[in-house]
Amino acid sequence: CAKGHYASPSSGQCVPIEGTAIVHDFAEMTLAPGEEIASVCQTWILNNEEELWVHAVEFENGGGYHHSNWIFVPEGYNGWKTEPWPNCYSEGFNEGVAGLIGGVLFAQSTQVESELQKFQPGAAIRIPPYSQIMAPTHLLNYKPEALTTHLRLTIYTVPASEVTTKLTPIVLTNRALALPKKSTSEFRADC
């Protein structure tokens, strides 16, 4: 489907994504041949005076974005910069802390150039007023020539009156999981 549309599960037809689109284009980046950058910290100040109820997130890039995790925090929290900087973690950014202080918005699948996360009708994530969206982004140019790439994030918001399911993040960690090399393994867990 084209940008701003998705394939309806019931009909298979491409239909518009519900809600109001808010778009942000991040600065272009150029990667040298074979260059890898572990964590460019991207940030987007929303300047939202009201809460936002996010029903869908659309992610697009021109290649080179290996993976990224998108989180929202209060604007200016912890003195984190409001423009991109080269290494999130050297400036004290911590995804776990950021997720608890704010919330989790979206996680890019590995090496995709376009991806849509859309919730069922009535389901949305609440972003409080005066928030900023942040992401440590891992970039990798596996090509033998330089790559200039772009990044665009679109959030689709719905009115609070349409939200029937308020979504919150969950983290599940299985520290006992160990995968032995050169063998077949099977694991089960109960919640």
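Look above for the structure.
Analysis parameters
Residues numbered from 1 in each chain as written. Predicted model: local features only at pLDDT ≥ 70, side-chain atom pairs only at ≥ 80, totals over all residues. Heavy atoms only, no water. Disulfide = S-S within 2.5 Å. Helix = DSSP H or I, 4+ residues; strand = E, 2+ residues; numbered from the N terminus. Buried < 20%, exposed > 50% of the residue type's maximum accessible area, 1.4 Å probe, protein only. Patch = residues over 30% accessible without salt bridge, like charges linked within 9 Å, V, L, I, M, F, W, Y side chains within 5 Å. Areas by Shrake-Rupley, 256 points an atom, 1.4 Å probe, with all protein chains shown as cover. Salt bridge = Lys/Arg side-chain N within 4 Å of Asp/Glu carboxyl O.

## Quick look at the state of the cysteines
Within the structure shown, the criterion is met by one disulfide. In this model Cys1 forms its disulfide with Cys14; the gap between the sulfur atoms is 2.1 Å. Because the torsion about its S-S bond is -85°, the bridge between Cys1 and Cys14 counts as left-handed. Of this pair, Cys1 sits in the segment before strand 1 (5–7) while Cys14 sits in strand 2 (residues 14–16), placing them 13 residues apart in sequence. Look at Cys1 and you get exposed, because its relative accessible area is 55%. Assessed through its relative accessible area of 44%, Cys14 is described here as partly exposed.

## Some words on unusual backbone geometry
Even without a glycine there, the phi angle at Asn47 is positive, about 50°. Turning to its location among the elements, Asn47 is positioned in the loop between strand 4 (36–45) and strand 5 (52–61). Looking at Asn47, the relative accessible area reads 57%, which means it is exposed. A positive phi angle is found at Lys182, which is not glycine, with a value near 50°. Mapped onto the secondary structure, Lys182 falls in the segment after strand 12 (165–167).

## Some words on a nonpolar patch on the surface
A contiguous nonpolar patch, built from Leu177, Leu179 and Phe187 and spanning about 320 Å² of accessible area, is present on the exposed surface. Here Leu179 is to be found in the segment after strand 12.

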